[in-house]
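In case you want the letters, here they are:
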Amino acid sequence: MILNSSSSSVSSVINTTCSSRKTPPTSRNQLSINEQLCGGKSCSCGSRRHFIEGAATALFPLVYSSTPSSASSPSDSMAMLNRLHPPRPDWYEEFYASVMNSSMKSYEAEVAGYKSQLFDNLRGKAKKVLEIGIGTGPNLKYYAADTDVQVLGVDPNRKMEKYAQTAAVAAGLPLTNFKFLQAVGEAIPVSDASVDAVVGTLVLCSVKDVDMTLQGPYMSGNEIIFIALVSLFIKTLITTRLGLTKCKFAIFILEVRRVLKPGGIYLFVEHVAAKDGTFLKFLQNVVDPLQQIVSDGCHLTRQTGNNISEAGFSSVELGNAFLSNASLINPHVYGIAHK
């Protein structure tokens, strides 16, 4: 469905769905792992909670932590970056950044109406914004109207930085108000409850799953098998007992909620899988493996809208759109989630 992209308030053109799960006014550091993942609701985890929390912390030490040091340190962030986004040759990183900078203009022109409606919700309200997957900076023009806004841009590709800085200057956003951070969304080097808004556009398609391979040269074959089995067991407990069966992005969402201040908002535009039974969905299934290779891990068949709706935000406003310039990466979901 193609939605009207007029300049009216976003709330008048999107379908609003409010999650029944409310996040209590408690800091993330005071929440156990089930409370973080369940959005603060009471759940059936029972006595398993402490086992899950301890085991998850042991298996995923860079993300699952309930200590005051839960904010990703620079060393943790770099370790996670190297694990999830292993260093590529400079020529590849530069080539990919250059292609993204030059090939997305028609897409950005078509999606601009939807983005303008969403970013209007930040104007005068969000003084510190974190954008995950900043890329070459196509969204920086939407922040420039606020002279005192501070933008932190996260991206695993360091070669994106110069393009993002150029975009900031072109948009009238002072470079003193923009900082580029090389990192991944699963380990953001930003303190807890420190930003007013988190922005992500076309980023959840390439976020890694909760599964993390903990192999290393110091492990024996039996140790690797043991760690893999325990990791699978923990993931099964987390997904089945904590109500995240359909959510593949628990780590990413935990990070979004961690860095947001109370009452903060998560603004998103993402492409999702087409409807089952359609020719477009058939093509997406066929092309998806190749897409992941040539587009830096981008998946065509994710149900991202459902994932966001079920991620434990206090409310989610979600709209749908179909973009003629987006080809296989259709349809789109866009909206706002409130912490």
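Going by the structure above, here's the rest.
Heads up: these notes are all about the structure in this document. In this convention, every chain numbers its residues from 1, walking through the sequence in written order. Local features in a predicted model are, by the rule used here, given only for residues with pLDDT of at least 70; side-chain atom pairs are given and counted only at 80 or more, and totals for whole chains, interfaces and linings are based on all residues. In computing side-chain values, all of the structure's heavy atoms are included and hydrogens and water are not.

### Some details on the overall build of the protein
Logical step 1: By definition, any uninterrupted DSSP run of H or I lasting at least four residues is a helix, any uninterrupted run of E lasting at least two residues is a strand, and each is numbered from the N terminus. Helix and strand content of the protein: ten helices and eight strands.
Logical step 2: Counting over 339 residues, the protein shows a buried share of 50%.
Logical step 3: For this analysis, residues touch if any pair of their heavy atoms sits within 4.5 Å. Put simply, 76% of the contacts in the protein that link residues at least 6 apart link residues at least 24 apart.
Logical step 4: Each accessible area is a Shrake-Rupley result for a 1.4 Å probe, and residues are judged covered by the shown protein chains and nothing else. Surface accessibility of the protein: about 15200 Å² in total, with carbon and sulfur atoms responsible for 58%. For every residue, the accessible area obtained with a 1.4 Å probe (protein chains only) is divided by the maximum for its type, and the residue is called buried under 20%, exposed over 50%, and partly exposed between those limits.

### Concerning the packing of aromatic side chains
Logical step 1: When two rings of Phe, Tyr or Trp (its six-membered ring) have centres within 6.5 Å they constitute a pair, described as stacked for plane angles under 30 degrees, edge-to-face for angles over 60, and tilted for the intermediate range. Enumeration according to the criterion identifies eight aromatic pairs in this entry.
Logical step 2: Aromatic pair Phe-119 and Tyr-142: ring centres 4.8 Å apart, planes at 15°, arrangement stacked. Here Phe-119 is found in helix 5 (residues 105–119), whereas its partner Tyr-142 is found in the loop between strand 2 (128–132) and strand 3 (150–155), with 23 residues between them in sequence. When sorted by exposure, Phe-119 lands in the same class as Tyr-142, which is buried.
Logical step 3: For the pair Tyr-266 and Phe-268, a centre-to-centre distance of 5.6 Å together with 40° between the ring planes defines the contact as tilted.

### Side note on the pattern of salt bridges
Logical step 1: We count a salt bridge whenever a side-chain nitrogen from Lys or Arg sits within 4 Å of a carboxyl oxygen from Asp or Glu. This model, assessed by the stated rule, comprises nine salt bridges.
Logical step 2: Note that Arg-258 and Asp-192 form a salt bridge whose closest N and O atoms lie 2.7 Å from each other. Taken as a pair, Arg-258 in helix 8 (residues 250–259) and Asp-192 in the loop between strand 4 (178–182) and strand 5 (195–201) lie far apart in primary sequence, 66 residues in all.
Logical step 3: Overall, Arg-258 belongs to the buried group, its relative accessible area being 1%.
Logical step 4: Judged by its relative accessible area of 21%, Asp-192 is partly exposed.
Logical step 5: It is possible to trace a salt-bridge network through shared partners that takes in Asp-192, Glu-255 and Arg-258.

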